[in-house]
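Structural overview
Single-letter residue listing:
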Amino acid sequence: MSAAGGKAVRPVAAARPVAAVEPVRAGSAAAAAGGKEVPKVLTDPRTRRSFVRGRFLGKGGFARCYELAEAEGREVFAGKVVPKSLLVKPHQKEKMSMEIAIHRSLSHRHVVGFHGFFEDSDFVYVVLELCRRRPLWVSVYTLLVGKPPFETSCLKDTYIRIKKNEYTIPKKMLRSDPATRPTISELLNDEFFTSGYIPSRLPTSCLTIAPRFSIAPSGLEQNGRKPLTALNKGPDSPALENLPEKEDVAGLRELGDAVDCHLADMLQQLTVVTSAKPSERVAVRQEEAEDPACIPIFWVSKWVDYSDKYGLGYQLCDNSVGVLFNDSTRLIMYNDGDNLQYIEQNSTESYFTVRSYPSALNKKVTLLKYFRNYMSEHLLKAGANITPREGDELARLPYLCTWFRTRSAIVLHLSNGTVQINFFQDHTKVILCPLMAAVSYIDENRDFRTYKLSLIEEHGCCKELASRLRYARTMVEKLLSSKSSSARVKPSA
């Protein structure tokens, strides 16, 4: 068994070769750009008007949006960037042309302004009005109702509903007739706001994934608050009754797609920062790149490799423990020492307790406890000096998606998109978060610091961190380019 912190209890056979991780989806950043970075300066060949690409604003099905600042002016726009590699088929080109034609014909104060378009050999650029406050209607509707306004099970039907502006207004709070709408006081006293557990703060992870309330204070009704679709019973608002004990497989598949997309984003972020050669700046001001607000919620604090027989055991920084078994199933014990989460090969999740679980899991629960005890007794905790932020305990627990070892390090990829690399020789570690576009670096002295990658690009960093970012880029590229139907990646030679 080999373990973190450089301790080797006994030699371990190399992880058995298995299929690699699933290739990146066509719509993700790396695949979309074909490995090519969006230029820093964009020039319209017809008008010779130039724009400087600024911060990343967000992405859609196949486009990415950035702030675009006029090179010779003060005006700032939003730039929609579409890779031509996604406009190969006739219907794709037609859709892009139709979108531009329709948008340029519109002029209304409630419609995002259209300011032109142009292209180069790799991308199509659409210059739009920058909405700094951003439209919130769809977000508010989704939060209240529990699903987006036009969502259907079929993309074609969704487009039809959008075209017809067809959606259902929940009857409980939102009413088309102003005279029948409830007052503010009535709304605040509605059971939707007054029932169930209301935390004082939510973790930043709630921007991308629902929180978990398994640790809500006892005595409170765990399922008291429901989306409005569940409260507005009627033919237009079907209730969400009898929720299954297992997580929805389709939803989990979407989560898996999102994780692949996060990897592609991370590769682009690392490509940009390493291309800037941050350690070669005349004046390196690494401290200016530090951003404590980007400290990750979860990272792997301990690990044990017993893959020659059972699998890889690990402990997260919140003291929860998990095992990725050789059969590609996963078992997680929460930090309360009681709640269990079992994830099957197809990503279906089931929840049990140490006091009550299927007999088929007897051996795996026993192994989980063995891994937990071994790590508790023998291994040091990485990042032990970091104090959790208020609300972080509500973040949904990630699990280990994939891992592999090289001669230099172990690479761990979590379901929340985080990639962690632990280096064997000097015990340094990098923890990469694509959602925050940040890297946490634990150096030889076990100092834990978190930096924004864009600020490293701007202010530079030490040679040690720069070399690890280059290595991380290669490892993320390996994760993306590998194929997988299993949990572990074939180790490097």
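Reading the values: the criteria
- Residues numbered from 1 in each chain as written.
- Predicted model: local features only at pLDDT ≥ 70, side-chain atom pairs only at ≥ 80, totals over all residues.
- Heavy atoms only, no water.
- 1 Å grid on protein atoms, 1.4 Å probe; cavity = no way out; pocket = protein on both sides within 12 Å on 5 of 7 lines; lining within 4 Å.
- Points joined across faces, edges and corners; volume = space filled by probe spheres on them.
- Helix = DSSP H or I, 4+ residues; strand = E, 2+ residues; numbered from the N terminus.
- Nonpolar A, V, L, I, M, F, W, Y, C, P; charged D, E, K, R; others polar.
- Buried < 20%, exposed > 50% of the residue type's maximum accessible area, 1.4 Å probe, protein only.
- Pairing = 2+ DSSP bridges.
- Axes fitted to C-alpha atoms, helices over the stretch in contact; angles between N-to-C directions.
- Salt bridge = Lys/Arg side-chain N within 4 Å of Asp/Glu carboxyl O.

**Section: empty space enclosed by the protein**
Here the structure, examined in full by the defined rule, presents 2 cavities of 30 Å³ or more. Counted as a void, the second largest cavity has a volume near 30 Å³. Lining the second largest cavity, in full, are Lys80, Glu99, Ile100, His103, Phe114, Val126 and Leu128. Counting residues per element, the ones that place at least two in the lining of the second largest cavity are α2 (90–104) and β7 (123–128). Here the lining of the second largest cavity takes 3 residues from α2, the largest share from any one element. Residue classes in the lining of the second largest cavity are distributed as 4 nonpolar, 1 polar and 2 charged.

**A closer look at the environment of arginine 55**
Mapped onto the fold, arginine 55 is located in strand β3 (residues 50–59). In this structure arginine 55 comes out as partly exposed when scored by relative accessible area, which is 47%. Taking the C-alpha atoms as reference points, arginine 55 and cysteine 65, separated by 10 residues in sequence, lie 8.8 Å from one another.

**Overview of the sheet that holds strand β19 (residues 448–452)**
If you walk across this open sheet you meet the 6 strands as β14-β15-β16-β17-β18-β19, and the pairing is antiparallel. One side of each edge strand has no neighbouring strand; the edge strands of this open sheet are β14 (400–405) and β19. If you compare each strand with its neighbour and ignore which way they point, the axes differ by 15 degrees on average. As paired elements, strand β15 (residues 409–414) and strand β16 (residues 419–423) share 5 bridges and run antiparallel to each other. Bridging across to β16, leucine 412 finds its partner in glutamine 420.

**Side note on the pattern of salt bridges**
Evaluated as defined, the whole model comprises 13 salt bridges. Salt-bridge contacts for aspartate 338 lead to arginine 355; the nearest nitrogen and oxygen are separated by 2.5 Å. In this pair, aspartate 338 is assigned in the loop between β11 (330–333) and β12 (339–343) and arginine 355 in the loop between β13 (349–353) and α9 (362–378), connecting sequence segments 17 residues apart. A relative accessible area of 18% places aspartate 338 in the buried class. Under the relative-accessibility criterion, arginine 355 is labelled exposed at 67%.

**Remarks on the pairing of strand β5 (residues 76–83)**
For a regular strand, side-chain orientation follows a simple rule: the groups alternate between the two sheet faces. Along β5, 7 of the 8 residues are buried, which leaves the element largely enclosed by surrounding structure. The pairing of strand β4 (residues 64–70) with β5 spans 6 bridges and is antiparallel. Paired with alanine 69 across the bridge in β5 is valine 76. Hairpin connection, β4 to β5: the antiparallel pair is bridged by 5 residues. Bridge count for β5 against β7 is 6 bridges, and the pairing is antiparallel. Bridge pairing in β7 links glycine 79 to valine 127.

**With respect to the pairing of β3**
Bridge analysis of strand β2 (residues 41–43) against β3 gives 3 bridges, and the strand direction is antiparallel. Looking across to β3, one finds that valine 41 is bridged to valine 52. Hairpin connection from β2 to β3: 6 residues lie between these consecutive antiparallel strands, with arginine 48 at a positive phi of about 60 degrees. Bridge count between β3 and β4: 6 bridges; the pairing is antiparallel.

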